[in-house]
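In case you want the letters, here they are:
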Amino acid sequence: MKPDSRIIVALDYATAKEALAFAARITPAQCKLKIGKELFTQAGPDIVRKLVDRGFDIFLDLKFHDIPNTVAKACRAAASLGVWMLNVHTLGGRAMLQAAREAIDNTPQQPLLIGVTILTSMTDADLAEVGIASSVEQSVQRLAKLAHETNLNGVVCSALEAKNIRTATSPSFKLVTPGIRLADSNVNDQKRIATPASALADGADYLVIGRPITQAVDPIAVIDRIKQEIAHL
Ligand code: C5P
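About the thresholds
- Residues numbered from 1 in each chain as written.
- Predicted model: local features only at pLDDT ≥ 70, side-chain atom pairs only at ≥ 80, totals over all residues.
- Heavy atoms only, no water.
- Helix = DSSP H or I, 4+ residues; strand = E, 2+ residues; numbered from the N terminus.
- Rg over C-alpha atoms; globule rule 2.2 N^0.38 Å.
- Buried < 20%, exposed > 50% of the residue type's maximum accessible area, 1.4 Å probe, protein only.
- Contact = heavy atoms within 4.5 Å.
- Areas by Shrake-Rupley, 256 points an atom, 1.4 Å probe, with all protein chains shown as cover.
- Lys, Arg positive; Asp, Glu negative; His and termini not counted.
- Charge placed at Lys NZ, Arg CZ, Asp CG, Glu CD.
- Phe/Tyr/Trp six-rings, centres within 6.5 Å; stacked < 30°, edge-to-face > 60°.
- Lys NZ or Arg CZ within 6 Å of the ring centre and 35° of its normal.
- Pairing = 2+ DSSP bridges.
- Right-handed = clockwise from strand over helix to strand, strands pointing away.
- Expected span 1.5 Å × (residues − 1).
- Arc of directions from axis to C-beta.
- Axes fitted to C-alpha atoms, helices over the stretch in contact; angles between N-to-C directions.

A. Structural detail: the overall build of the chain. What the chain contains, in helices and strands, is 11 helices and 8 strands. Compactness check: the chain gives a C-alpha radius of gyration of 17 Å against a globular reference of 17 Å for 233 residues, within 12% of the reference. Over its C-alpha atoms, taken along the principal directions, the chain stretches across nearly 45 × 35 × 35 Å. Here the chain holds 233 residues, and 49% of them are scored as buried. Taking as baseline every contact in the chain between residues at least 6 positions apart, the subset at least 24 positions apart corresponds to 67%. As displayed, the chain offers around 10,900 Å² of accessible surface, 52% of which is attributable to carbon and sulfur atoms. Within the chain, one finds 26 positive and 24 negative side-chain charges whose respective centroids are separated by 3 Å.

Written as structure tokens, this is what we have:
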């Protein structure tokens, strides 16, 4: 059985070659891997299959958001690739979330189904402009509750939102948190950040970490350091 790693490395590379080169330096015991829209659009399902074949747990981060029937079929297709986790956008609404849940329940693989609430790039003003009157914080809480009610396995959220979402949902609801930075690492374009230890202390189950690992001179050393920092949590 694979050791359970709480670190998910965001494979934000433009090509399969770069992503596979990174994956060749690590083992499935060290971390899970996230494949997002850039790499998937460039390299297609082949890169997913290759990494699944190498034994990695893959989080397919394509944030499906469409009519219920289309999302259900997309979820089924993603599950058939053997991914460990996939996500949909909760703004697709209750019927779409229920259709996604039902589709996943009918697959033999049964990957974890996670919801995206409000993208961390959006502000209250951005929401108002698209007709959402409630604040980012209120919207995130409402959408996390909707994801919980429709039996999704969890949500992607900022570590700073984790505590409130945990209170509003349940202990087994998975909180997947990006925006993680080591105390001394570059913040890049992330605004609401937390360290690995503080995110877990606030209730995160999985940490999505990209550039602090992928752009390090020695990525393995960074993963090891994070593991040490969170070992007691
Ligand atoms: O390099 P960095 O650690 O900032 O990467 C974070 C990863 O998490 C990226 O793949 C980014 O797209 C993703 N993400 C995020 N904020 C969200 C959802 C996903 O940063 N709300």
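B. Molecular detail of the packing of aromatic side chains. By the definition in use, this model includes 2 aromatic pairs. The interplanar angle of 40° and the centroid separation of 6.1 Å between the aromatic rings of Tyr13 and Phe22 together place this pair among those described as tilted. Judged by its relative accessible area of 14%, Tyr13 falls in the buried class. Aromatic pair Trp84 and Tyr206: ring centres 5.0 Å apart, planes at 80°, arrangement edge-to-face. With Trp84 in the loop between α4 (68-80) and β4 (85-89) and Tyr206 in strand β8 (residues 206-209), this residue pair connects regions lying 122 residues apart in the sequence. The exposure class assigned to Tyr206 is buried, which follows from its relative accessible area of 8%. For Lys32, the ring lying beneath its charged end belongs to Trp84, and the centroid distance is 4.7 Å.

C. Summary view of the pairing of strand β2 (residues 32-35). Alternating positions in β2 separate into two faces, Lys32 and Lys34 on one and Leu33 and Ile35 on the other, with burial throughout. Across 3 bridges, strand β1 (residues 7-10) lies against β2 in parallel orientation. Within the sheet, the bridge partner assigned to Ala10 lies in β2 and is Lys34. In this fold, the crossover linking β1 to β2 by way of helix α1 (residues 16-23) has right-handed handedness. For β2 and strand β3 (residues 58-64), the ladder comprises 3 bridges, and the chain directions are parallel. Paired with Leu33 across the strands is Ile58, a residue of β3.

D. Here's a closer look at helix α11 (residues 219-230). With 12 residues, α11 extends 17 Å from end C-alpha to end C-alpha; this agrees with the ideal 16 Å at 1.5 Å per step. Those residues of α11 that sit buried are Pro219, Val222, Ile223, Ile226 and Ile230. Looking straight down α11, one finds that the buried residues subtend no more than 100° of arc, so they occupy a single side. Contact partners of the buried residues in α11: β1, α1, α9 (196-201), β8 and α10 (211-214).

E. Molecular detail of the sheet that holds strand β5 (residues 112-116). Around the barrel, 8 strands lie side by side as β1-β2-β3-β4-β5-β6-β7-β8; this closed barrel has parallel pairing. Pairwise comparison of adjacent strand axes, ignoring direction, gives a mean angle of 25° for this sheet. Direction of pairing for β3 relative to β4: parallel, over a ladder of 3 bridges. For Phe59, the partnering residue across the bridge sits in β4 and is Met85.

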